[in-house]
Amino acid sequence: MSSRGGDELEDALLQVRAMIESTVVLHRDLSLQESLITVIDSGYEDILDQAQQLIASATRSIDIVHARRLASEERSDRSERELIYEARDGVSVRLLSSPTLLDEDYVREQLGRENPVAIRVARVPPLQALIVDGSTALVVAESAVGRRASLIRVPELLNTLHTLFENVWVRAVPAGERMVFGDRYRAALARQILGALQSGVTDEVAARELTVSVRTYRRHVAEIMNILGANSRFQAGVRAAELGLLPPTAGPGTEYGGSLAIS
């Protein structure tokens with residue numbers, strides 16, 4: 001993610017925090033049932049209880065930002081991983097993590113799952129957020145008075161959070177790509193080759209598009225299959241899809257389309 005994108009994100013988060021503070025003041029005279037924003041002043045276990053209830057209530061989507069390191073007093077026997085797995089079947093789950101907090105074991109767990117969690121990595125300021133069905137959000141962030149946790153149902157705030165998440169998500173790096181291929185050049189090359197396999201083009205055409213020899217191209221394909229632990233090009237494509245490595249459009253030549261080539 002670019003530095004500019006990170007700056008835009010930080011500015012947006014500051015705006016969100018200011019909106020939360022002003023909304024708390026605006027709704028302070030409303031009853032708990034009527035309030036559009038609820039501050040959670042109790043311990044971290046209560047925050048996890050709220051998160052668990054929200055995840056269980058989701059019917060369409062769950063978007064998560066995981067970029068805040070927990071303090072020692074916030075440790076719990078319950079893991080966020082276990083909470084996410086309590087989502088109903090068919091609910092789309094996306095997890096945006098900061099590089100330092102990426103759980104690679106959790107990324108690997110998604111391999112072979114029928115409904116894997118989509119995981120991407122980006123430079124994100126310290127924040128925990130859970131957005132459910134676009135209608136409710138739980139946000140935990142640091143403020144001048146320490147940790148501030150808020151349950152939000154304010155449409156304007158939710159729209160800001162949703163837009164913020166989408167803007168970062170499209171620029172973020174799929175976690176599997178970062179974990180499996182390492183440096184940016186190798187990841188970009190692997191993505192192009194996987195795109196060629198997905199498009200079903202011949203090795204000769206793909207090699208020409210990448211300006212390498214057919215022999216070199218096939219060597220790259222074999223290396224990618226080895227990294228992914230795949231015995232065939234088809235299996236490599238399946239595992240790449242599970243890791244979120246396949247590009248949204250076919251490459252290297254975007255004019256190609258079709259099913260994944262099978263060796």
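Up top is the structure these notes are about.
Residues numbered from 1 in each chain as written. Predicted model: local features only at pLDDT ≥ 70, side-chain atom pairs only at ≥ 80, totals over all residues. Heavy atoms only, no water.

A.B. asks: Provide a residue-level description of the packing of aromatic side chains, including the pertinent values.
C.D. replies: Here the distance between the centres and the angle between the planes together describe a pair of aromatic rings. Under the criterion given, the structure shown has two aromatic pairs. Relative to tyrosine 106, the ring of tyrosine 85 has its centre 5.8 Å away and its plane inclined at 40°; by these criteria the two rings are tilted. Note that tyrosine 85 is positioned in the loop between α3 (80–84) and β3 (92–97) and tyrosine 106 in helix α4 (residues 104–109), a separation of 21 residues in sequence. For tyrosine 106, a relative accessible area of 4% corresponds to the buried category. Note on phenylalanine 165 and tryptophan 169: the rings are 5.6 Å apart at their centroids and 15° apart in plane angle, and the pair reads as stacked. Here tryptophan 169 and phenylalanine 165 lie together in helix α5 (residues 155–171), a separation of four residues that amounts to about one turn. As far as the burial class goes, phenylalanine 165 and tryptophan 169 line up, both buried. (Phe/Tyr/Trp six-rings, centres within 6.5 Å; stacked < 30°, edge-to-face > 60°. Helix = DSSP H or I, 4+ residues; strand = E, 2+ residues; numbered from the N terminus. Buried < 20%, exposed > 50% of the residue type's maximum accessible area, 1.4 Å probe, protein only.)

A.B. asks: Quick rundown of the pattern of salt bridges? Include the residues and the values.
C.D. replies: Applying the stated criterion across every chain, the model contains eight salt bridges. Between aspartate 203 and arginine 233 there is a salt bridge, with its nearest N and O atoms 2.8 Å apart. Residue aspartate 203 is located in helix α8 (residues 203–210), and its partner arginine 233 is located in helix α10 (residues 233–242); the two are separated by 30 residues in the primary sequence. In terms of burial, aspartate 203 and arginine 233 fall into one category: buried. A salt bridge links arginine 219 to glutamate 223, with the nearest nitrogen and oxygen atoms 3.3 Å apart. With arginine 219 and glutamate 223 both in helix α9 (residues 214–228) and four residues apart, the pair spans about one turn of that helix. Residue glutamate 223 is classed as partly exposed on the basis of its relative accessible area of 39%. Where salt bridges share partners, they join Asp203, Glu204, Arg218 and Arg233 into one cluster. (Salt bridge = Lys/Arg side-chain N within 4 Å of Asp/Glu carboxyl O.)

A.B. asks: How would you sum up the sheet that holds β3? Please name residues and give values.
C.D. replies: With mixed pairing, the eight strands of this open sheet are ordered in space as β1-β7-β6-β5-β2-β3-β4-β8. Of all the strands in the sheet, just β1 (37–40) and β8 (173–174) have a single pairing partner and so form its edges. Bridge count between strand β2 (residues 61–66) and β3: six bridges; the pairing is parallel. Each bridged residue has a counterpart across the sheet, and for valine 65 the counterpart in β3 is leucine 96. Running at roughly 70° to β3, α5 makes contact with β1, β2, β3, β4 (118–121), β5 (128–132), β6 (136–143), β7 (146–152) and β8 of the sheet. (Pairing = 2+ DSSP bridges. Contact = heavy atoms within 4.5 Å. Axes fitted to C-alpha atoms, helices over the stretch in contact; angles between N-to-C directions.)

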